Amino acid sequence: MTVQDIQSFVTGDWLAPDSAARDIRDAVTGDVIARAGRAQVDASAMIDHAVSVGAPALRAMTFHDRARMLKALALYLQERKQLLYDLSFSTGATQKDHLIDVDGGIGTMLVIASKGRREMPDGHVYLDGGLEQLSRKGSFVGQHVCTPLQGVAVHINAFNFPVWGMLEKLAPTLLAGVPAIVKPATTTCYVTEACVRLMVDSGILPNGTIQLVTGGLGDLLNHLGAQDVVSFTGSADTAYALRSAPNLLRNSVRFVAEQDSLNASILGPDAVPGTPEFDLFVKEVHREMTTKAGQKCTAIRRIIAPQAQVDAVIAALSERLRDTVIGDPRDPATRMGALVSDGQRRDVLAKCASLGSEAERVFGDPDAFAVHGADASKGAFLPPMLYHCADPDAASHVHDTEAFGPVATIMGYRDLSHAIALVNRGQGSLVASVVTNDPEVAREVVMGAGAFHGRLYFNNRDSMAEATGHGSPLPHMVHGGPGRAGGGEELGGVRGVMHYMQRTAVQGSPDVIAAVTGEWVPGASTSQGPAHPFQRNFDEVQIGETLHTSEREVTSEDIEHFAEFTGDTFYAHMDEDAAKRNPFFPGRVAHGYLLLSFAAGLFVDPDEGPVLANTGLDTLRFQKPVSAGDRIKVQLTVKKKTKRTADYGEVRWHVILRNQDDAPVAEYELLTMNAYT
Ligand code: NDP
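The name an unreviewed UniProt entry gives the chain is Phenylacetic acid degradation bifunctional protein PaaZ, with Marivita cryptomonadis as the organism.

A.B. asks: Any chance you could explain helix 10 (residues 310–322) here in plain terms?
C.D. replies: Note on helix geometry: an α-helix contains 3.6 residues per turn, so any two residues three or four positions apart are oriented the same way. An ideal rise of 1.5 Å per residue puts 18 Å on 13 residues; helix 10 measures up with 18 Å between its terminal C-alpha atoms. For helix 10, the full list of buried residues reads Val310, Val313, Leu317 and Leu321. Each buried residue of helix 10 sits inside an arc of 60° when the element is viewed along its axis, so together they form one side. Those residues of helix 10 that are exposed and aimed more than 90 degrees away from the buried face are Glu319 and Arg322. Against strand 13 (264–267), helix 9 (276–290), strand 14 (302–306), strand 15 (360–363), strand 16 (385–389) and strand 17 (407–413) lie the buried residues of helix 10.

A.B. asks: Before we go on, may I ask you to explain the packing of helix 2 (residues 63–79) against helix 4 (residues 95–119) in this structure?
C.D. replies: Each pair of packed helices can be described by the angle between their axes along with the distance between the axes. Where helix 2 contacts helix 4, the axes come no closer than 8 Å and their chain directions differ by 160°. Relative to helix 4, the element helix 2 lies roughly antiparallel. Handedness of the helix 2/helix 4 crossing: left-handed. From helix 2, Phe63, His64, Arg66, Ala67, Leu70, Lys71, Leu73, Ala74, Leu77 and Gln78 reach across to helix 4, where they touch Ile106, Met109, Leu110, Ile112, Ala113, Gly116 and Arg117. Looking at the contact of helix 2 with helix 4 residue by residue, the class counts come to 11 nonpolar, 3 polar and 3 charged.

A.B. asks: For this particular structure, what's the right way to read the site of the ligand?
C.D. replies: For the ligand, the set of nearby residues contains 24 residues, the closest of which are Ala158, Gly234, Ser235, Thr238 and Cys297. A breakdown of the residues in the shell around the ligand according to their chemical character gives 9 nonpolar, 10 polar and 5 charged. Split by domain, the residues of the shell around the ligand number at least three in each of domain 1 (4–260 + 495–501) and domain 2 (264–472).

A.B. asks: Just to check I follow, could you spell out the domain arrangement of the chain for this structure?
C.D. replies: Interface size, as often reported, equals the accessible area lost upon joining of the parts. By the assigned domains, the chain splits into domain 1 (4–260 + 495–501), domain 2 (264–472) and domain 3 (526–675). Computed over C-alpha atoms, the centres of domain 2 and domain 3 are 57 Å apart.

A.B. asks: Would you explain the sheet that holds strand 4 (residues 22–25) in this entry?
C.D. replies: Hydrogen bonds between backbone groups are what pair the strands of a sheet, and the pairing can be parallel or antiparallel. An order of 1-5-4 is seen for the 3 strands of this open sheet, with the pairing classed as mixed. Each having just a single partner strand, strand 1 (4–6) and strand 4 make up the two edges of the open sheet. The mean inter-strand angle of the sheet, taken between neighbouring strand axes irrespective of direction, is 35°. In terms of strand pairing, strand 1 meets strand 5 (residues 32–36) through 3 bridges, oriented parallel. Considered in strand 5, the bridge of Asp5 is made with Arg35.

What counts and what doesn't
- Residues numbered from 1 in each chain as written.
- Predicted model: local features only at pLDDT ≥ 70, side-chain atom pairs only at ≥ 80, totals over all residues.
- Helix = DSSP H or I, 4+ residues; strand = E, 2+ residues; numbered from the N terminus.
- Expected span 1.5 Å × (residues − 1).
- Buried ≥ 20, exposed ≤ 12 C-beta atoms within 10 Å, placed from the backbone.
- Arc of directions from axis to C-beta.
- Contact = placed C-beta atoms within 7 Å.
- Axes fitted to C-alpha atoms, helices over the stretch in contact; angles between N-to-C directions.
- Parallel < 35°, antiparallel > 145°, perpendicular 65-115°, else oblique.
- Left-handed = near helix turned anticlockwise from the far one by under 90°.
- Nonpolar A, V, L, I, M, F, W, Y, C, P; charged D, E, K, R; others polar.
- Near = placed C-beta within 6 Å.
- Domains from an automatic or database assignment.
- Pairing = 2+ DSSP bridges.

As structure tokens, this is what we get:
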């Protein structure tokens, strides 16, 4: 059998392991299949390469350029994922597990790429929140902006998801414009190395944007500074040791940690046997215990059920666990493969011994279970094991010992507040779930347990067909948790990108803010174009270009005509006495939508031109009522331009309607699609 040398990718070169390399064993056969690691990691050269080669290349790109790059990368991996599946069987994972790791990682990258295109600007500065009015007349305003950190992100990943673990951190990092040094867990680094090799070979990433250290990280963390970030996933002990490194503390290096978590699932008081929720609960718990042989950061470790249902849950869950085929992950009949290594297997058994001091094992015997198609004495196999803790209030290990394998403990609760108290005994988790058909139960859990959990997942008969599962971190939603879970946050859409950027409060005149952000803001200079802005194509029309229309009088005939034509005969438009009794109106007033229609009538140019479609309006506010006899006029200003497709881009217009006294009566942002030529 050949032993594969797992290389590191350092300053643009692939480096083979040396005499300091560690052996890596196949989880199923126990054979040494690979070796990884080098005595020396040239930390300074790696950081310098990232900062001086990778970072400037990334920062030269806009958010949209980087999002397109991520999409291309994900699609490239998608076409070659079979290679990653083939390798991953040696980690003990089944084909179903690969879908979570490989397809899940690629899918996460695609979602982050898509969010980058839809929610971030086609520029270099991300705006966090709106303009802040800091002065009475508006000559001094504020805007929070985010710009990429100028250092490197060091990603230290756990063994359990060698692809997803890398890609879920890499996508937000690269979208932010920051290069990464990836350090996978050694036991499964051969899968990560293959994935990095694909990404490098794709030629899609600029040089210096990704480097890989397989084996030990050496003293790299001692070389990091204030512009760098460490994102860690793994055990609480390692997180503690790394985050308290004096160099990281001295330089306030950002440290995002995702670590041991005693996730729980509550069976709602309403979900008695015979309800769809009871069956759903048993199914979800079974899936969480057995997927990846329980080696999932989000797996359910504590099963919290009404006291009266504990026996029924044990019986139903045991029946499912009994049917779980354990064996060679390459065999399609196998439902649960091996743990990642014999070391991990021994660690789980040691943790089980600790759980066993407070809870009785009611299912699964590590000394007597069937393994199909593999040699049980060589592979890191374990059966699913279910414990029952009869006195969870007095117990402590069941709430603080994470057996990172197919192990969970069931405990009974008296009432919902007791269930909430128990779920919070985990002292901070990545996720807690509740299976209930009672929305009030959900509300009570959010109020009582929200502060202790990074994610709360509710499922019932209405959502079960589409719900994504207790254990699935979604790129759209925050992944991370307080306290024992590490206190970090990842993903959550654009939120995850912010970990790799600095938020800065920029204060100055409107022109300063417009120049910084590339967007016109009220009070900033305007200009007049050589033609009506609707006759100027996307490239020609300039930020700040403004059209001032002539005035139009609003008559009572207009109001009545509009009311009859649309059917909107609301009293404020039709009944003078009733309108006067309304504290908002001086008497009958024009419909807001009439004003919008008149505004369009004032500002559009009717001729065929580069404006292709009106796609909506945002932030509409009616500020002052308009009565018959008032005259309105419009100021239409180009606020922002965003390229959308090869043929057209989006123009965001700032629109203000004013009356004859120059008082604003309505304000909004209008979106149009404009042709480039
Ligand atoms: P570890 O904490 O042992 O390792 C995590 C990562 O840290 C690995 O890449 C590891 O590399 C690296 N590492 C360890 N020591 C150092 C160091 N001194 N300097 C730099 N990097 C270091 O976690 P594992 O992946 O081995 O998993 C072990 C336990 O972690 C599990 O049993 C489980 O309890 C927990 N875990 C929790 C997760 C969660 O999110 N809740 C997810 C995965 C694991 P190397 O492999 O080379 O040692």
